[in-house]
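# Structural features, examined
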Amino acid sequence: MSHAEPRPLTLSARGPLRGTVTVPGDKSISHRALMFSALAVGESRIEGLLEGEDVLATAAAMRAMGAQIERGGDGVWRVHGVGVGGLLQPTSALDMGNSGTSTRLLMGLVASHPITATFTGDASLSGRPMGRVIEPLSRMGADITSSPGGQLPLMVRGINPAVPMEYTLPVASAQVKSAVLLAGLNTPGITRVIEPVPTRDHSERMLRGFGAELTVEDRPNGKIISITGEAELKPQHLIVPGDPSSAGFWMVAGSIVPGSEILIRNVCMNPTRTGLITALKLMGADIAEIDARDVGGEAVADLRVRHALLKAIEVPPELAPSMIDEYPILFVAAAFAQGRTVARGAHELRVKESDRIDAMRTALEAAGVHTEEYEDGLAIQGSGGELLPGNAQVASKLDHRIAMSMTVAALGARGPVTIDDVGPVATSYPDFFQTLEALGQ
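Here's a quick rundown of the structure.

### Structural notes on the packing of helix H1 (residues 27-39) against helix H6 (residues 174-185)
For any two helices packed against each other, the geometry comes down to the angle between their axes and how far apart the axes lie. At a closest axis distance of 13 Å, the pairing of H1 and H6 adopts a crossing angle of 5°. Relative to H6, H1 is oriented roughly parallel. Facing H1, whose interface residues are Arg32, Met35, Phe36 and Leu39, H6 presents Ala174, Ser178, Leu182 and Leu185. Residue composition of the contact of H1 with H6, grouped by class: six nonpolar, one polar and one charged.

### Details of the side chain of Asp399
Here Asp399 shows up in the loop between strand S22 (392-394) and helix H12 (400-410). Polar contacts involving the side chain of Asp399 include one to the side chain of Arg356, which spans 2.8 Å. Polar contacts involving the side chain of Asp399 include one to the main-chain amide nitrogen of Arg401, which spans 3.0 Å. In contact with Asp399, other than residues within four places in its own chain, are Glu353, Ser354, Arg356 and Pro424.

### Details of the packing of aromatic side chains
Any aromatic ring pair is given by two values, namely how distant the centres are and how the planes are angled relative to each other. Counting across every chain of the model gives seven aromatic pairs. Measuring from ring centre to ring centre gives 6.0 Å for Phe249 and Phe432, while their planes differ by 75°; the resulting arrangement is edge-to-face. With Phe249 in helix H8 (residues 244-256) and Phe432 in helix H13 (residues 432-439), this pair connects stretches of sequence that are 183 residues apart. Taken individually, Phe249 and Phe432 each receive the classification buried, so the pair is uniform in this respect. When the ring of Trp250 is compared with that of Phe432, the centres are 4.9 Å apart and the planes differ by 20°; the resulting orientation is stacked. Separated by 182 residues along the polypeptide, Trp250 in helix H8 and Phe432 in helix H13 bring together distant segments of the chain. The pair formed by Trp250 and Phe432 is uniform in burial state, with each residue classed as buried. By the ring-pair criterion, three or more aromatic residues cluster together here, those being Phe249, Trp250, Tyr429, Phe432 and Phe433.

### Things to note about H8
Between its first and last C-alpha, H8 extends 18 Å over 13 residues, near the 18 Å set by a 1.5 Å rise per residue. The element H8 is extensively covered by neighbouring structure, given that 13 of its 13 residues are classed as buried. Looking at where H8 begins, the residue whose side-chain oxygen comes 2.8 Å from the main-chain nitrogen of Ser245 is Asp243.

### Some remarks on the sheet that holds strand S12 (residues 214-219)
Sheet strands line up and pair through hydrogen bonds in the backbone, either parallel or antiparallel. Taken in spatial order, the four strands make up an open sheet running S10-S11-S13-S12, and their pairing is mixed. Each edge of the open sheet carries a strand with a single partner, namely strand S10 (166-168) and S12. Going from strand to strand, the sheet's axes swing by 15° on average, the running direction of each strand aside. With six bridges joining them, strand S11 (residues 190-195) and strand S13 (residues 222-228) adopt antiparallel strand pairing. Each bridged residue has a counterpart across the sheet, and for Ile194 the counterpart in S13 is Ile224. Its contacts with the sheet place helix H7 (residues 202-209) against S12 and S13, and it is angled at close to 140° to S12.

### Notes on empty space enclosed by the protein
Counted under the stated rule, the structure contains one cavity of 30 Å³ or more. By volume, the largest cavity amounts to about 40 Å³. If you go around the largest cavity, the residues you meet are Pro244, Met251, Arg273, Thr274, Leu276, Ile277 and Glu326. The set of elements that each furnish at least two residues to the lining of the largest cavity consists of H8 and helix H9 (275-282). Classifying every residue of the lining of the largest cavity by side-chain character gives four nonpolar, one polar and two charged.

### A word on unusual backbone geometry
Excluding glycine, residues mostly have negative phi values, and the peptide bonds linking residues are mostly trans. Along the chain, Leu152 connects to Pro153 via a cis peptide bond; the corresponding omega equals -5°. Note on placement: Pro153 falls in strand S9 (residues 151-157). The linkage connecting Asn160 with the following residue, Pro161, adopts the cis geometry, with an omega of 5°. As for its position among the elements, Pro161 is in the loop between S9 and S10.

### What about the sheet that holds strand S19 (residues 340-343)?
If you trace the four strands from one edge of the open sheet to the other, you get S18-S19-S21-S20, paired in mixed fashion. A strand with exactly one partner marks an edge of an open sheet, and here the two such strands are strand S18 (314-315) and strand S20 (370-374). Bridging between S20 and strand S21 (residues 377-381) involves five bridges; their strand directions are antiparallel. When the bridges of S21 are listed, Tyr374 appears paired with Gly377. Across the sheet, helix H10 (residues 327-335) is in contact with S18, S19 and S21; its angle to S21 comes to roughly 20°. The strands touched by helix H11 (residues 356-366) within the sheet are S20 and S21, with S20 carrying the most contacts at an inclination of about 165°.

### Structural notes on the pattern of salt bridges
It is possible for side chains bearing opposite charge to pair when their charged atoms get close. For the structure on display, the rule yields 33 salt bridges. For the salt bridge of Glu217 with Arg219, the shortest nitrogen-to-oxygen distance reads 2.8 Å. Take Arg219: its relative accessible area is 42%, and that puts it in the partly exposed class. One salt-bridge network, in which partners are shared between bridges, spans Arg128, Arg200, Asp325, Lys352, Glu353, Arg356 and Asp399.

### Digging into the nonpolar core
One finds Trp250, Met251, Ile264, Leu280, Tyr327 and Leu330 to be the most contacted residues of the largest nonpolar core, which totals 76 residues. Sort the elements by how many residues they give to this core and H10 lands first, with eight residues. Beyond its immediate stretch of four places on either side in the chain, Met251 contacts Pro244, Ile264, Leu276, Ile277, Leu280, Ile287, Leu303 and Val305. In this structure, Val84, Leu87, Leu137 and Leu214 belong to the second largest nonpolar core, which totals 67 residues.

Thresholds applied
Residues numbered from 1 in each chain as written. Predicted model: local features only at pLDDT ≥ 70, side-chain atom pairs only at ≥ 80, totals over all residues. Heavy atoms only, no water. Axes fitted to C-alpha atoms, helices over the stretch in contact; angles between N-to-C directions. Helix = DSSP H or I, 4+ residues; strand = E, 2+ residues; numbered from the N terminus. Parallel < 35°, antiparallel > 145°, perpendicular 65-115°, else oblique. Contact = heavy atoms within 4.5 Å. Nonpolar A, V, L, I, M, F, W, Y, C, P; charged D, E, K, R; others polar. Polar contact = N/O pair within 3.5 Å; in protein donor to acceptor, adjacent residues only side chain to side chain. Phe/Tyr/Trp six-rings, centres within 6.5 Å; stacked < 30°, edge-to-face > 60°. Buried < 20%, exposed > 50% of the residue type's maximum accessible area, 1.4 Å probe, protein only. Expected span 1.5 Å × (residues − 1). Pairing = 2+ DSSP bridges. 1 Å grid on protein atoms, 1.4 Å probe; cavity = no way out; pocket = protein on both sides within 12 Å on 5 of 7 lines; lining within 4 Å. Points joined across faces, edges and corners; volume = space filled by probe spheres on them. Salt bridge = Lys/Arg side-chain N within 4 Å of Asp/Glu carboxyl O. Core = buried A, V, L, I, M, F, W, Y, C linked by side-chain atoms within 4.5 Å.

Spelled out as structure tokens, the structure:
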């Protein structure tokens, strides 16, 4: 699943970015569309699926457990599911590549099926912690053996019937929440997840759409999500909206490069995913939402972004769960703002594809940006809209978001910025660099 040879890239400031962009399908929704379709009885159709390496890892894993998944010449994916409870024993290890979402959610699926699955991944994924998923799934009865530190490779021996439970999330994590809910799909009785801090709710929305009996209650201690097990999912026709995390790179690029105007079409505007837009607007970004509409149960809009002089802010920490993947590109926006931006509340960045706080601090400082590192974020002294010095060698750390964020930063650098490896970008945005070239013409 991983690329072989490093792909270095060198670039620096260039002219305005102008044009229309359609970003890839949302990664979170794409993963779930494949999984839930594979658990329905009958044929589901998926349009707009993100065809990056992470999502293809999910497709391969669901095929290995019995689902029929094919991409038609029309770009529509057709999935013939096996039904809840119908997953088959995979004959070999499931290679998750770089995808933490695939790993954690599929661990939940396997946990309540009478099968055993071994999960492997690339060097980056193998260093990421899985203990936060292992703990609740073990309480439901699954037998999970991991490498030291709760890392991959690991083996999940599912159990049927599993034990329903009530679980309070110790950290804000949509992946942990979803893993427990997916285990609850094939567990008799009602499984409940208590979510003190809201996180992205794609699993809840889509499970209801597939016919699962799922309720969400707002309580003083947070949201209580309840799912009734032994569900019967019905096939669906799904249209995946554009990924707001991918759109974030163009929002910031359009904001920091003078003379730019970019229209980003069909962006998912689920309120649990719009933290970056909120933060950028607080900084003075010129982002207009056009033609707001509903597509398949998700709010969608086109975004028009124009260059604007950004101002430093203290990023409200409560935005963190709705923009956790966008912090690296927010750090880039802060590097061009007037004043000192403080962005905290993002402990999760330490355990992503890389330690994104350390990776972005190191990369931005190499490009001439003054920063201060905290355990949960960064303070960044902006250039006031001036070009960064550049003349930097930066490391992507096998992390697609670091590579794309520093590509955007280089668009505002006087001297060349060389990124050691942009190959990981293929995990989430295979056409990123072609899109950049088209906008610059």
